[in-house]
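Summary of the model geometry
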Amino acid sequence: MRSANSWGFAPAQYRMLCLAICAMACATVGHANSRQTKKHPAPKTAVSTWSKHDCGEGIELRVSAASANQGGLLLLELRSAKPLLEVAGKWTDKDIPFWQSDAAAPKGTPVWQALLGVDLEQAAGEYKLNVSGKSEASEAVRCDAGITVRAGKFATEKLAVAPNFVEPNPEQEAQAAEDSKKLKAIYATVTPERFWTGRFRVPLDGVKTGGNFGKRRVFNGQARPPHTGVDFPSPTGTLVHASQRGRVVLAEPLYFSGNTVVLDHGWGVYTLYCHFSEIAVKAADMVATGEVIGKVGATGRVTGPHLHWGLTVDRARVNALAIVGKQ
Ligand SMILES: [Zn+2]
């Protein structure tokens, strides 16, 4: 695992601000717009922004930042002088699974880690994070921290799509409801194993960043839920790569997202890829980081060919760009 600084570096809020600015500039243009994707300058030197909470008896809880924007991602670490058998977290209504890090532990102290995703629509405010564990001698340990969620600034986007994607007929509506049920069941499953290894990557070659995350959407004049993924406008047929090692848990056409692939990376972390022209994998396949899983297309509710890439962490819909470069 990388050092603490890899998470304090270029904080999520910084990236979100950049995205919001880009989003405003292209607010009324559809997915098909192949605007320039600018790389935003990141600070050259790593600055640690860890928020540390000393809970006594050699227990310390570290959070990669004291606050996060809606759709942001935080890394949590629990360090304990005594070896712990298990650690679990609770935040809002969510269970946050911890795993024992393979990082070199300071002074032989084992480090437990977790990812905390802040859902795109989590209301701004402060929420208590409760972390509890059990020592080898069955003693209970506990450490809490307050995490502040700040409201994201998301532009509104007006799009024109085929009428059946705004007012589906009953049969199409039933299919969309079925799809959504299927995805919900997938994201509710926490596989107690970490499949990912090394850094997460952007799923397209030669692309640094995408846009549209969090935008409020108005389709054919009607308001719809916000955009939960990152869009990469790209020609049909462009190869799409797995952003990390994982297991294919869905590879099929869905009503709104067209030909769709979902990868389970373990510990509640999932990535979603939509609108493929062709799917190259099948459910239950294990894929390596960078492996081709399909080709960019324009299936489902789109205004043109692009890849829609989503990240879900413990059911929270998070800006997928927040995990790029992390490991
Ligand atoms: Zn999209």
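None of these values were measured; they are calculated from a predicted model.

1. Overview of the environment of Leu76
With respect to the helices, strands and loops of the structure, Leu76 is situated in strand E4 (residues 73–80). Between the C-alpha atoms of Leu76 and Ala114, which are 38 residues apart in sequence, the distance is 5.0 Å. Excluding residues that lie within four positions of it along the chain, Leu76 makes contacts with Val63, Gly89, Gln113, Ala114 and Leu116.

2. Structural notes on the sheet that holds strand E19 (residues 278–279)
Taken in spatial order, the three strands line up as E15-E21-E19 in an open sheet, and their pairing is antiparallel. A strand with exactly one partner marks an edge of an open sheet, and here the two such strands are strand E15 (239–241) and E19. As judged from the two bridges shared by E19 and strand E21 (residues 292–295), these two strands associate in the antiparallel manner. Bridge pairing in E21 links Glu278 to Lys295.

3. Quick word on the pairing of strand E17 (residues 258–266)
Of all nine residues making up E17, seven are buried, and the element is well covered by its neighbours. Strand direction decides the pairing type here: strand E16 (residues 246–254) and E17, joined by seven bridges, are antiparallel. Bridged to Arg247 within E17 is Asp264. Between the end of E16 and the start of E17, which pair antiparallel, lie three residues.

4. What to know about the nonpolar core
Judged by nonpolar contacts, the single largest core of 62 residues is most densely connected at Leu74, Leu78, Val261, Tyr273, Val318 and Ala320. For this core, the element with the most residues is strand E18 (residues 269–276), which contributes six residues. Of the residues that make up this core, three or more belong to each of domain 1 (51–150) and domain 2 (157–323). The residues touching Leu78, leaving out its near neighbours within four places in the chain, are Leu61, Val87, Phe98, Trp112, Val131, Gly133 and Cys143.

Analysis parameters
- Every chain is numbered on its own, with residues counted from 1 as its sequence reads.
- Note on the predicted model: pLDDT of at least 70 is required for a residue's local features to be given, and 80 or more for side-chain atom pairs to be given and counted; whole-chain, interface and lining totals, by contrast, use all residues.
- Comment: elements are numbered from the N terminus, with helices defined as DSSP H or I runs of at least four residues and strands as E runs of at least two.
- We call two residues in contact when the distance between their C-beta atoms, placed using the backbone, is within 7 Å.
- The criterion for strand pairing is that DSSP finds at least two bridges linking the strands in question.
- Buried residues are those with 20 or more other C-beta atoms within 10 Å of their own C-beta, exposed residues have 12 or fewer, and partly exposed residues lie in between; C-beta atoms are placed from the backbone.
- A set of buried Ala, Val, Leu, Ile, Met, Phe, Trp, Tyr and Cys residues, joined through C-beta atoms within 7 Å, is what we mean by a nonpolar core.
- Throughout the structure description, domain borders are defined by an automatic or database domain assignment.

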